Amino acid sequence: MNKQYKHILVLTGAGVSAESGLATFRDAEGLWNNHKVEDVATIDAFERNPEYVHAFYNEMKPELSAAKPNSAHLALAKLEKEYTGEVNIVTQNVDTLHEKAGSRKVYHIHGQINQAVCLNCGQILETWDAVDTQTVCPHCHIAGMMKPNIVFFGESLLYMNEVERLLKACDLFISVGTSGVVYPAAGFVQAAKYHGAETWEFNLEAGANNYLFDKHIYGKCGTTLPAFVDELLKSAEEKEKNND
Ligand code: BJW
């Protein structure tokens, strides 16, 4: 690796948490295997049957709360800590494994499982406990208006102003463990490329938008990412030594 990057932007998807034992969405044993997407992951579903949607996400909480970061999450945290340039993570995941690994600059564009948002006042309630249609908002004190802070199909993504700024600024864009089918996240690579970034894909296999990447590293990211991060850090160290 002979280039020194100043702004690295990492987009992660469910595949980065697969080696922590968490199901992905679209693989054979995927998260939605026993559920219809339109029953649990759309804003219409929530409006139609909030009890059912709350129950689906409440059921997931204990597993996600207990999950431990794997070597891919740890490698990204190490990169943020030790790399001379800036490193930001934009994650589609609702788990908190990047934070558990020690990453600080993490943007959850599809929300977080351990949060609920009040549809009356916008207040975020942070909790690993179950939230339901009786839950009272701690801010406006109205009951029955809390929604899991998860971005459903048909809803706007979170932190998009920040993400647009990061996409313009980055000179290396890395995508890890995402199938590249859900927009607008699947289009971030195109935006980064348009603004001049080098683009790398880490996945088990080619994602739907793989033609937009300059480099492809196929294999389990728990193995490929630590090797990539070590190489990046080593090359930065050598450049510093040689005063390049
Ligand atoms: C490994 C690995 C290992 C495994 N190592 N790799 C433009 C064009 C077409 C449609 C649209 C568009 N713009 C908007 C839309 C509509 C829609 C959309 O994209 N639909 C498509 C599906 C067609 N998007 C939206 O509605 C978004 N909102 C929006 O755009 O608002 C404005 C708007 C609305 C309506 C119309 C137009 C504009 C919101 C999207 C919200 C997504 N939310 C979800 C989950 C919700 C609930 C839940 O958690 O249950 O977020 S969907 C789901 O998919 C979840 C994920 O974050 C997301 C992405 O999945 P991800 O992470 O890629 O997982 P997988 O399973 O698909 O892939 C895993 C990958 O890992 C695989 O490739 C494996 O190979 C790999 N892997 N193990 C490396 N060890």
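As a convention, each chain's residues are numbered from 1 in the sequence order in which they are written. Under the rules for a predicted model, residues below a pLDDT of 70 receive no local features and side-chain atom pairs below 80 are neither given nor counted, while totals for whole chains, interfaces and linings still include all residues. Side-chain measures here rest on the full set of heavy atoms in the structure, leaving out hydrogens and waters.

Novice: Can you help me understand the side chain of histidine 98 in this one?
Specialist: To qualify as a helix, a DSSP run of H or I must reach at least 4 residues; to qualify as a strand, a run of E must reach at least 2; elements of each kind are numbered from the N terminus. Note that histidine 98 resides in helix α5 (residues 97-101). Buried means the residue's accessible area, taken with a 1.4 Å probe over protein chains only, is under 20% of the maximum for its type, while exposed means over 50%, and partly exposed covers the values in between. Residue classification places histidine 98 among the buried residues on the basis of a relative accessible area of 1%. The contact criterion used throughout is that any non-hydrogen atoms of two residues lie within 4.5 Å. Leave out the neighbours within four places in its chain, and histidine 98 touches Thr12, Val16, His73, Leu76, Ile89, Thr91, Ser103 and Val106.

Novice: I would appreciate a short explanation of unusual backbone geometry in the present structure.
Specialist: Negative phi values dominate among residues other than glycine, just as trans dominates among peptide bonds. With an omega of 5°, the peptide bond between tyrosine 183 and proline 184 qualifies as cis. Among the structural elements, proline 184 can be located in the loop between β7 (172-176) and α7 (188-194). Unlike most non-glycine residues, histidine 141 shows phi in positive territory, near 65°. Positionally, histidine 141 belongs in the loop between β5 (124-126) and β6 (146-150). Judged by relative accessible area, which is 58%, histidine 141 ranks as exposed.

Novice: I'm lost on the nonpolar core in this one. Help?
Specialist: As a rule of thumb, nonpolar side chains are buried together in soluble globular proteins. Of all hydrophobic cores here, the largest spans 24 residues; its most connected members are Ile8, Val10, Leu79, Tyr83, Ile174, Val176 and Phe228. Among the elements that make up this core, the one with the highest residue count is helix α8 (residues 221-241) (seven residues). Residues Leu11, Val151, Val163 and Ala197 belong to the second largest nonpolar core, which totals 20 residues. Only buried residues count toward a nonpolar core, which is a set of Ala, Val, Leu, Ile, Met, Phe, Trp, Tyr and Cys residues joined through side-chain atoms within 4.5 Å.

Novice: Quick question: what am I supposed to make of the site of the ligand here?
Specialist: We call a residue near a molecule or strand as soon as one heavy atom of that residue lies within 4 Å of the molecule or strand. Lining the immediate surroundings of the ligand are 33 residues, of which Arg26, Glu155, Thr178, Ser179 and Asn203 lie closest. Within 3.5 Å is the distance limit for a polar contact, defined as a pair of N or O atoms, with the added protein rule that one can donate a hydrogen and the other accept it, and that residues adjacent in sequence qualify only through two side-chain atoms. At 2.6 Å from an oxygen atom of the ligand is found a side-chain nitrogen or oxygen belonging to arginine 26. At 2.5 Å from an oxygen atom of the ligand is found a side-chain nitrogen or oxygen belonging to serine 179. All accessible areas in this document rest on Shrake-Rupley with a 1.4 Å probe, and a residue is counted as covered only by the protein chains that are shown. Computed on the free molecule, the ligand has an accessible area of 1500 Å², of which 77% lies beneath the protein chains in the complex. A per-class count over the shell around the ligand returns 17 nonpolar, 11 polar and five charged. Each domain's limits were defined by an automated method or a database of domain assignments. Per-domain counts for the shell around the ligand show at least three residues from each of domain 1 (1-22 + 69-110 + 157-244) and domain 2 (24-66 + 111-150). Under the scheme applied, nonpolar residues are Ala, Val, Leu, Ile, Met, Phe, Trp, Tyr, Cys and Pro; charged residues are Asp, Glu, Lys and Arg; polar residues are all the others, including Gly.

Novice: Hey, could you run me through the packing of aromatic side chains in this one?
Specialist: What describes a pair of aromatic rings is the distance from one ring centre to the other and the angle between the planes of the rings. Stacked, edge-to-face and tilted are the three classes for Phe, Tyr and Trp ring pairs, Trp counted by its six-membered ring, which pair at centre distances within 6.5 Å; planes under 30 degrees apart are stacked, over 60 edge-to-face, the rest tilted. Scanning the model with the defined rule gives eight aromatic pairs in all. For the pair tyrosine 107 and tyrosine 159, a centre-to-centre distance of 5.8 Å together with 65° between the ring planes defines the contact as edge-to-face. Residue tyrosine 107 is found in strand β3 (residues 106-108), and its partner tyrosine 159 is found in the loop between β6 and α6 (160-169); the two are separated by 52 residues along the sequence. Given the relative accessible area of 17%, tyrosine 107 is considered buried.

Novice: Where do I start with the state of the cysteines in this structure?
Specialist: Simply put, disulfide is the name for a covalent bond between the sulfur atoms of two cysteines. Cysteine sulfur atoms are paired as a disulfide whenever they come within 2.5 Å of each other. Considering all chains together, one arrives at zero disulfides under this definition. The thiol of cysteine 118 is unpaired, and the distance to the nearest cysteine sulfur, on cysteine 140, comes to 3.7 Å. Exposure remark for cysteine 118: the relative accessible area of 2% places this residue in the buried category. No disulfide involves cysteine 170; its sulfur sits 19 Å from that of cysteine 221, the nearest cysteine.

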